[in-house]
Amino acid sequence: MEIKKDFSLKYLNTFRIDATARFFVEFKNDYEVIDFAKNRTLKNERRLILNGGSNILFKSNFDGLVIKISMQGIEKTGEDKNHVLIKAGAGISWDKLVEYCIGHNYSGLENLSAIPGNAGAAPIQNIGAYGVEQKDCFYSLEAVHIETGIIKIFNAAECNFGYRESIFKKQVKDEYIILSVTYQLFKTPVFRIDYGAIKAELKKQNLKNVTIKAVSKAICNIRSSKLPNPDEIGSAGSFFKNPMVDQKKYLELKNKFPEIVAYPNDLGKYKIAAGWLIDQMGWKGYRRGDSGVCKTQALVLINYGSAKGEEIYSLATDIQQSVLKHFGLQLEPEVNIIQ
Ligand code: EPU
C-alpha cells in the first residue's frame, strides 16, 4: 500500500477541480482494503472514499486521506430460468458494466447507459435515469466495515434505497468500503420505454423490433443532446435533486405558475423539475469566469476549464437563493460537496 502526499485529484473528479489530497491511497483488490481496515495507518485522519468521482465537488483541498477504489472484474455468479446475477468490482466503470450486460443480451440496466461514475458508487446515490433506478435490478453488495475489517453483504432492503438516497449516504456514511455490486438481470428483455423522448428516438431508428441495444442507443442520443460530455467538459451531472412537495404545495405552485413541470409519484407527492425552476430564473447558459450553467440542461453546472470548487459552489448558492425567493422551494444539492 503506497501512501502518496499532496496528491492532485484533478483527473479523479469529473468536475475537473484541481484540489489536492493531503494523503492518497488506491486499492486495486479486496485484500488491500481488508488489510487497510485491519491494520490502519493514518487512523485518525479525516477520510474520503472516492470511486468514479462523478458526483463530487471539492470546495477546497482535502486535508485528510482520500481512498481511491479501483477493484476490477465482471462475472456471472448465478442464474435461473429467467435471470442472471452479474457481479462487478466496485472500480469498474458503470458504463462498462452496462455495456457488458447489453453485449450479453441481459436486460435491466440499458436505460442507465452512458452514466459517468463507477459501479461501486451506483448504489450509494441510487443512480437513476429515464424511468429506471439501479435499485430496480439491484441484488446485493459486498462491503468492508472500515473499523473492524469485517465483510458484510447488504441486500436491497438493507440499503434502504430512495430517490438518490441510500443508507450509505445517511446512517452508515463513510463507514463501509464497497468492494463489489451484484445485479439481477432478465434473460428476456423487459423494456421501460414509456419516457416520451425514448419513444421518439426509437422511432428515428426505424426498427422492426425494439432491442436492448436500440434502447441503449436511444438513451445515449438523448443524453448526448442534453448533457455535457464528461470527457470534454467538467460537470457532475445534475447538481440539484428535483424537490419533492406534497399535493397542497403542488396545487399552490400550479396555481401561481401554471407552466410548472412536475411528476406525481406513488406516495402522493410531486417531484418538481428543478431544471425548469432554474431555467425560469434565467440561469441556463449563464457563465461567470470558468463556472457556468449548461446551455442545454439548467440542472447541470459546469467547469469550463479552471473554475475553483468555491466558484462552482458560489454559483450554486446564488441559484438556490433565486429559486427560493421566487418559488419558495429550497433546492438540495445532489452532488456531494466536500468542504
Ligand atoms: N427542464 C427545463 N429546462 C431545463 C431542464 C429541464 O425546462 O433546462 C424541464 C423540461 O420540461 C424537462 C423537465 O424539466 O422535461 C425534466 O428534465 P429532464 O427530463 O432532463 O430530467 P431532470 O429531471 O432534469 C433527471 C435526473 C437526471 C436524468 C434525467 C432523465 C435528477 C436530479 N436528475 O433530470 O439524472 O438523467 O432525469 O431521466 O433526478 C443525474 O442524476 O446526474 C442525472 C443527470
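Counting from 1, residues in each chain are numbered in the order their sequence is written. Residue-level local features of this predicted model are given only where pLDDT is at least 70; pairs of side-chain atoms are given and counted only at 80 or more, and the full residue set underlies all totals for whole chains, interfaces and linings. Values shown for side chains rest on all heavy atoms present in the structure; no hydrogens or waters enter the calculation.

1. Re the state of the cysteines
And step 1. Cysteine sulfur pairs qualify as disulfides if the two atoms are within 2.5 Å. Summed over the entire model, instances satisfying the criterion amount to zero disulfides.
And step 2. There is no disulfide at cysteine 101, and the cysteine sulfur nearest it, in cysteine 137, is 8.3 Å away.
And step 3. Only protein chains enter the accessibility calculation, which uses a 1.4 Å probe; a residue is then buried when its area is under 20% of its type maximum, exposed when over 50%, and partly exposed in between. Looking at cysteine 101, the relative accessible area reads 1%, which means it is buried.
And step 4. In this model cysteine 220 remains outside any disulfide bridge; the closest cysteine sulfur is found in cysteine 101, 14 Å from its own.
And step 5. The exposure class of cysteine 220 is partly exposed, given its relative accessible area of 29%.

2. Some words on the packing of aromatic side chains
And step 1. Between the rings of Phe, Tyr and Trp (Trp by its six-membered ring), a pair exists once the centres lie within 6.5 Å; its type follows the angle of the planes, with under 30 degrees stacked, over 60 edge-to-face, and the other angles tilted. Applying the stated rule across the entire model yields 14 aromatic pairs.
And step 2. Where phenylalanine 15 meets phenylalanine 239, the ring centres are 6.2 Å apart and the plane angle is 65 degrees; that geometry is what we call edge-to-face. In this pair, phenylalanine 15 sits in the loop between strand S1 (4-8) and strand S2 (20-27) while phenylalanine 239 sits in the loop between strand S13 (234-238) and strand S14 (244-245), placing the two residues 224 residues apart along the sequence.
And step 3. Of the residues examined, phenylalanine 239 reaches a relative accessible area of 1% and is grouped as buried.
And step 4. Measuring from ring centre to ring centre gives 5.1 Å for phenylalanine 239 and phenylalanine 240, while their planes differ by 70 degrees; the resulting arrangement is edge-to-face. Phenylalanine 240 carries the same exposure label as phenylalanine 239, and that label is buried.
And step 5. The side chain of lysine 152 reaches across the aromatic face of phenylalanine 154, ending 4.8 Å from its centre.
And step 6. Above the ring of tyrosine 304, the side-chain terminus of arginine 287 is found at 3.9 Å from the ring centroid. We count a stretch as a helix when DSSP gives it H or I for four or more residues in a row; a strand needs E for two or more, and each element gets its number in order from the N terminus. The criterion for a charge sitting over a ring is simple: Lys NZ or Arg CZ within 6 Å of the ring centre, and within 35 degrees of the ring normal.

3. Here we look at the packing of helix H4 (residues 196-205) against helix H5 (residues 212-226)
And step 1. Here H4 crosses H5 at 115 degrees, and the two axes come no closer than 9 Å. Comparing the axis directions of H4 and H5 gives the class roughly perpendicular. The way H4 lies across H5 gives a crossing that is right-handed. Contacts from Ala197, Ile198, Glu201, Leu202 and Gln205 of H4 reach H5 at Ala214, Val215, Lys217, Ala218, Ile219, Asn221 and Ile222. To define axes, lines are fitted to C-alpha atoms, for helices over the stretch in contact only, and angles between the resulting N-to-C directions are given on a 0 to 180 degree scale. Small angles under 35 degrees read as roughly parallel and large ones over 145 as roughly antiparallel, with 65 to 115 read as roughly perpendicular and the rest as oblique. Handedness of each helix crossing follows the sense of rotation of the near helix against the far helix: counterclockwise by less than a right angle gives left-handed, clockwise gives right-handed. In what follows, a contact means two residues having at least one pair of non-hydrogen atoms within 4.5 Å.

4. Side note on the pattern of salt bridges
And step 1. A pair is scored as a salt bridge if a Lys or Arg side-chain nitrogen falls within 4 Å of a carboxyl oxygen belonging to Asp or Glu. Within this structure, the stated rule accounts for 17 salt bridges.
And step 2. The salt bridge partner of lysine 76 is glutamate 79, with a shortest N-O separation of 2.9 Å.
And step 3. Overall, the relative accessible area of 39% leaves lysine 76 in the partly exposed class.
And step 4. Accessibility expressed as a relative area gives 48% for glutamate 79, which makes it partly exposed.
And step 5. Between lysine 87 and glutamate 142 there is a salt bridge; the shortest N-O distance is 3.4 Å. Here lysine 87 is found in strand S7 (residues 83-89), whereas its partner glutamate 142 is found in strand S10 (residues 138-145), with 55 residues between them in sequence.
And step 6. Taken together, the shared-partner salt bridges in this structure form one network comprising Glu133, Lys135, Asp136 and Arg192.

5. Side note on helix H2 (residues 94-103)
And step 1. Residues of H2 that are buried: Trp94, Leu97, Val98, Cys101 and Ile102. Each buried residue of H2 sits inside an arc of 135 degrees when the element is viewed along its axis, so together they form one side. Facing away from the buried side of H2 by over 90 degrees, the exposed positions are Glu99 and Gly103.
And step 2. Check the buried side of H2 and you find it contacts strand S6 (74-79), S7, strand S12 (176-186) and H5.
And step 3. Immediately downstream of H2, the backbone of asparagine 105 shows phi near 65 degrees, a positive value. Think of it as the arc spanned by the lines of direction from the helix axis to the C-beta atoms.

6. Some points on the site of the ligand
And step 1. Lining the immediate surroundings of the ligand are 24 residues, of which Tyr130, Tyr163, Tyr195, Asp279 and Glu334 lie closest.
And step 2. Between asparagine 242 and the ligand, the recorded distance is 2.9 Å, taken from a side-chain N or O atom to an oxygen atom.
And step 3. Polar contacts, as used here, are pairs of N or O atoms within 3.5 Å; protein pairs need one atom able to donate a hydrogen and one able to accept it. Residues neighboring in sequence count only if both atoms are side-chain atoms. For the ligand, a nitrogen atom lies 2.8 Å from a polar atom in the side chain of aspartate 279.
And step 4. Reported accessibility uses the Shrake-Rupley method at a 1.4 Å probe radius. Residues are deemed covered only where the shown protein chains occlude them. Alone, the ligand offers 820 Å² of accessible surface; in the complex the protein occludes 82% of this.
And step 5. Looking at the shell around the ligand, the elements with two or more residues in it are strand S8 (128-129), H5, S13 and helix H7 (274-280).
And step 6. The greatest single-element share of the shell around the ligand, amounting to three residues, is contributed by H7.
And step 7. Within the shell around the ligand, the residues separate by chemical class into eleven nonpolar, six polar and seven charged.
And step 8. Inspection of the shell around the ligand shows a minimum of three residues originating in each of domain 2 (74-186) and domain 3 (234-338). Consider each residue's heavy atoms; a residue with any of them within 4 Å of a molecule or strand counts as near. Note that Gly is not counted as nonpolar here; it falls among the polar residues with everything else outside the nonpolar set of Ala, Val, Leu, Ile, Met, Phe, Trp, Tyr, Cys and Pro and the charged set of Asp, Glu, Lys and Arg. Start and end positions for the domains come from either an automated domain assignment or a database one.

7. Some thoughts on the domain arrangement of the protein chain
How large an interface is tends to be reported as the accessible area lost when its parts come together.
And step 1. Split into domains, the protein chain comes out as domain 1 (4-69), domain 2 (74-186) and domain 3 (234-338).
And step 2. Just the C-alpha atoms count here: the centres of domain 1 and domain 2 sit 21 Å apart.
And step 3. Listed per partner, the contact involves 16 residues of domain 1 and 20 residues of domain 2.
And step 4. Note on definitions: buried area is the accessible-area loss of two parts on being combined, 1.4 Å probe, summed for both. By the criterion of area lost to domain 2, the three top residues of domain 1 are Arg47, Ile49 and Asn51, representing 30% of everything that side buries.
And step 5. Scanning the region where domain 1 abuts domain 2 turns up one salt bridge.
And step 6. Summed over the shared surface of domain 1 and domain 2, the result is three residue pairs in polar contact (both at pLDDT 80 or more).
And step 7. Elements with a contribution of two residues or more to the side of domain 1 that touches domain 2: helix H1 (30-38), strand S3 (47-50) and strand S5 (62-69).
And step 8. Per element, the largest residue contribution to the side of domain 1 that touches domain 2 is six residues, and it comes from H1.
And step 9. Looking at the side of domain 1 that touches domain 2, its residues break down into seven nonpolar, four polar and five charged.

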